[in-house]
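Chain by chain, the residues run as shown.
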Amino acid sequence: MSSFQAPRGTFDVLPADCERRALLEAHAQRILGAAGYGRIETPAFEPTELFARGVGEATDIVRKEMYTFDDGGGRSLTLRPEGTAPVCRAYLEHGMHRLAQPVKLWYLSSFFRAEAPQKGRYRQFWQVGAEAIGSDEPATDAELILLLADLLESLGIRGTRLRLSSLGTPATRADYRQELIAFLRAHEDGLSPEVVARIDLNPMRAFDAGDRRTRETMRDAPLLLHRLAPEDAEHFAAVRELLDGAGLRYELDPTLVRGLDYYTRTVFEFTSDALGAQSGVGGGGRYDGLVQQLGGDPTPAAGWAAGVERMLLAAGELPVAPAVVDLFVAVAVAGDGGRREDRTRVTGTAFELANRARRAGLSAQMELAGRSLKGQLRQADRIGAGWVAIIDGPMQVTLKNMGSGEQSQLEPAAAIAEILRGGRL
Ligand code: ATP
Ligand code: MG
């Protein structure tokens, strides 16, 4: 074992994991690409101020989960903890407000949060995200939600639940916050000490409390959903009608809060029973104030992000096709046997044959370990090669069909033709 290990809360993505991830990526590309979302990749780090201003100074993410460092020139940079603020930054930086709106973008990137690592919660993790910037149409919210539902379904994720709510405008929220704080203060006797201690810091937490007394008290608490301004209530009703019409089931959850300050109006979250404590698979909502907050004109927008590791955990087995090896190119004089010039010439022929096979669309692996011929045949068997080509001399190949055991002596070009004729095994 080496004296180094991947940092706590991070992990290596090994080849078998890469295949499952590639499959997820292909589904995301197919579903989001077909809906007209263009892929975007932003830098892994941004000015700290972007997240402080975008995500919100008071959020857990900004207060305690960011990896922030000095760039050596006195500027503060932060490894991106989320993708929405960077995408909005890019929207403004590249003048995308001049394009037809909404501008629809998606990403699959890694993000960084200094959290206590556990299953489904890491310090470097990946998210698929989608953003539609420049429309306040309820259809935008509904489309985004349906696209995420599609993605989860395409991965065969079981036991998903969709929770949905609306937060209204920041002004409605601020008024509601005061009303809720007043309610909690007036009912302190019926609340747990932990909830009482956090009344001013995070009054919404009271809705998540586990103890019975608090839960009973909270049954009479005012709900933000009942305080929405008429336009916001109408917008939310329209989103719900569209989801109903599309046959997507959801639960109204007036206590749904998300960990980012920028949300307005619609918010949603998908959870999966297949996950343990970290049950959130993905979520998002509308963020009509964010682009302006970052210096642009008032621009309505909505989006979501879903955790790649959590989706893969919830998806269980994915039908990953086993790698096909059409051809293994063996060399008769390998290792220490024979003269060096002979070995080089034979290996050169092997290279040429493998390259030709790959150009013809076949997968071909070469002997690289200096094994004996017997060892090479064993290796070909181990990787499930359909054919083995043994290079006997500069222009001569013994081609063996590993299925039937038949073999014949051919020229390299004829060997490729023979494999192609036999078809991929
Ligand atoms: P949680 O409640 O689990 O902390 P969150 O509300 O912080 O999630 P978002 O910021 O909305 O999550 O990110 C969207 C998705 O990204 C989550 O639903 C989850 O699947 C994934 N995610 C968030 N944080 C992590 C993490 N530290 N490790 C792995 N996946 C994560
Ligand atoms: Mg979190």
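Residues numbered from 1 in each chain as written. Chains lettered and ligands numbered in written order. Predicted model: local features only at pLDDT ≥ 70, side-chain atom pairs only at ≥ 80, totals over all residues. Heavy atoms only, no water.

1. Considering the environment of Phe-11
Phase 1 of the analysis: Position of Phe-11 relative to the elements: it lies in the segment before helix H1 (15-34).
Phase 2 of the analysis: Along the chain, Phe-11 and Gly-386 lie 375 residues apart, while their C-alpha atoms are 34 Å from each other.
Phase 3 of the analysis: Once residues within four sequence positions are removed from consideration, Phe-11 is found in contact with Arg-21, Tyr-122, Gln-124, Trp-126 and Glu-309. (Helix = DSSP H or I, 4+ residues; strand = E, 2+ residues; numbered from the N terminus. Contact = heavy atoms within 4.5 Å.)

2. Brief notes about helix H11 (residues 308-315)
Phase 1 of the analysis: Of all 8 residues in H11, 7 are buried; the element is thus mostly enclosed.
Phase 2 of the analysis: Buried residues of H11: Val-308, Glu-309, Arg-310, Met-311, Leu-312, Ala-314 and Ala-315, and no others.
Phase 3 of the analysis: Two residues or fewer past H11, Gly-316 is found with a positive phi of approximately 65 degrees. (Buried < 20%, exposed > 50% of the residue type's maximum accessible area, 1.4 Å probe, protein only.)

3. Structural notes on the pattern of salt bridges
Phase 1 of the analysis: Applying the stated rule across the entire model yields 27 salt bridges.
Phase 2 of the analysis: A salt bridge links Asp-253 to Arg-163, with the nearest nitrogen and oxygen atoms 2.6 Å apart. Pair noted here: Asp-253 is in the loop between strand E8 (251-252) and strand E9 (264-272) and Arg-163 is in strand E7 (residues 160-166), with a separation of 90 residues, a long-range link.
Phase 3 of the analysis: What makes Asp-253 buried here is its relative accessible area of 13%.
Phase 4 of the analysis: For Arg-163, a relative accessible area of 17% puts it in the buried group. (Salt bridge = Lys/Arg side-chain N within 4 Å of Asp/Glu carboxyl O.)

4. Topic: the site of ligand 1
Phase 1 of the analysis: Residues in close proximity to ligand 1 total 14 residues, the closest being Arg-113, Glu-115, Gln-127, Arg-258 and Val-281.
Phase 2 of the analysis: Here an oxygen atom of ligand 1 sits 2.8 Å away from a polar atom, N or O, in the side chain of Arg-113.
Phase 3 of the analysis: Within the side chain of Arg-121, a nitrogen or oxygen atom sits 2.9 Å from an oxygen atom of ligand 1.
Phase 4 of the analysis: Coverage of ligand 1 by the protein amounts to 86% of the 580 Å² it exposes when considered alone. (Near = heavy atom within 4 Å. Polar contact = N/O pair within 3.5 Å; in protein donor to acceptor, adjacent residues only side chain to side chain. Areas by Shrake-Rupley, 256 points an atom, 1.4 Å probe, with all protein chains shown as cover.)

5. Structural notes on the packing of H1 against helix H5 (residues 138-154)
Phase 1 of the analysis: The N-to-C vectors of H1 and H5 enclose an angle of 145 degrees; their axes lie 10 Å apart at closest approach. Seen along the crossing, H1 lies across H5 with a hand that is right-handed. The residues of H5 that touch H1, namely those facing Leu-24, His-27, Ala-28, Arg-30, Ile-31 and Leu-32, are Leu-147, Asp-150, Leu-151 and Ser-154.
Phase 2 of the analysis: Broken down by class, the residue content of the contact of H1 with H5 amounts to 6 nonpolar, 2 polar and 2 charged. (Axes fitted to C-alpha atoms, helices over the stretch in contact; angles between N-to-C directions. Left-handed = near helix turned anticlockwise from the far one by under 90°. Nonpolar A, V, L, I, M, F, W, Y, C, P; charged D, E, K, R; others polar.)

6. Remarks on the domain arrangement of the protein
Phase 1 of the analysis: According to the domain assignment, the protein consists of domain 1 (15-168 + 228-315) and domain 2 (325-420).
Phase 2 of the analysis: For domain 1 and domain 2, the distance between their C-alpha centres works out to 50 Å. (Domains from an automatic or database assignment.)

7. Digging into the side chain of Thr-42
Phase 1 of the analysis: Assignment of secondary structure puts Thr-42 in the loop between strand E1 (38-39) and strand E2 (45-47).
Phase 2 of the analysis: We classify Thr-42 as buried; its relative accessible area is 13%.
Phase 3 of the analysis: Ignoring sequence-local partners within four residues, the contact set of Thr-42 consists of Arg-80, Pro-86, Arg-89 and Ala-90.

8. Re the nonpolar core
The tendency in soluble globular proteins is for nonpolar side chains to be buried side by side.
Phase 1 of the analysis: Membership of the largest hydrophobic core comes to 48 residues, with the highest contact counts inside it found for Ile-133, Leu-180, Leu-184, Phe-207 and Met-218.
Phase 2 of the analysis: Every element with two or more residues in this core is listed here: helix H2 (48-54), helix H3 (60-64), helix H4 (84-93), strand E5 (103-112), strand E6 (124-133), helix H6 (170-186), helix H10 (290-293) and strand E11 (301-307).
Phase 3 of the analysis: Residues in contact with Met-218, not counting those within four places in the same chain, are Leu-180, Phe-183, Leu-184, Leu-191, Ala-206 and Phe-207.
Phase 4 of the analysis: Ala-35, Ala-130, Ala-142 and Leu-147 belong to the second largest nonpolar core, which has 44 residues in total. (Core = buried A, V, L, I, M, F, W, Y, C linked by side-chain atoms within 4.5 Å.)

9. Quick word on the sheet that holds strand E14 (residues 387-393)
Phase 1 of the analysis: With mixed pairing, 5 strands are arranged side by side in an open sheet as E13-E12-E14-E15-E16. The open sheet has two free edges, formed respectively by strand E13 (364-366) and strand E16 (407-410), since each of these has just one partner strand. Shown here is a sheet whose adjacent strand axes are inclined to one another by a mean of 25 degrees, direction ignored.
Phase 2 of the analysis: Pairing of strand E15 (residues 396-401) with E16, which is carried by 4 bridges, proceeds in the antiparallel orientation. Each bridged residue has a counterpart across the sheet, and for Lys-400 the counterpart in E16 is Gln-407.
Phase 3 of the analysis: This element, helix H12 (residues 340-359), spans strand E12 (327-331), E13, E14 and E15 of the sheet and lies at about 165 degrees to E13. (Pairing = 2+ DSSP bridges.)

10. Some words on the sheet that holds E2
Phase 1 of the analysis: Pairing in this open sheet of 3 strands is antiparallel, and the strands run E2-E4-E3 from one edge to the other. The open sheet terminates on both sides in strands that have one partner only, identified here as E2 and strand E3 (68-70). Each strand axis lies, on average, 35 degrees off the axis of its neighbour in the sheet, ignoring direction.
Phase 2 of the analysis: Pairing between E2 and strand E4 (residues 76-79): 3 bridges, direction antiparallel.

11. Describing the pairing of E5
Phase 1 of the analysis: Burial runs high along E5: 9 of the 10 residues are buried.
Phase 2 of the analysis: Two strands pair when backbone bridges link them, and E1 and E5 are joined in this way by 2 bridges, in the parallel orientation. Looking at E5, one finds that Gly-38 is bridged to Leu-105.
Phase 3 of the analysis: Direction of pairing for E5 relative to E6: antiparallel, over a ladder of 10 bridges. Residue pairing for E6: Ser-109 is matched across the bridge by Gln-127.

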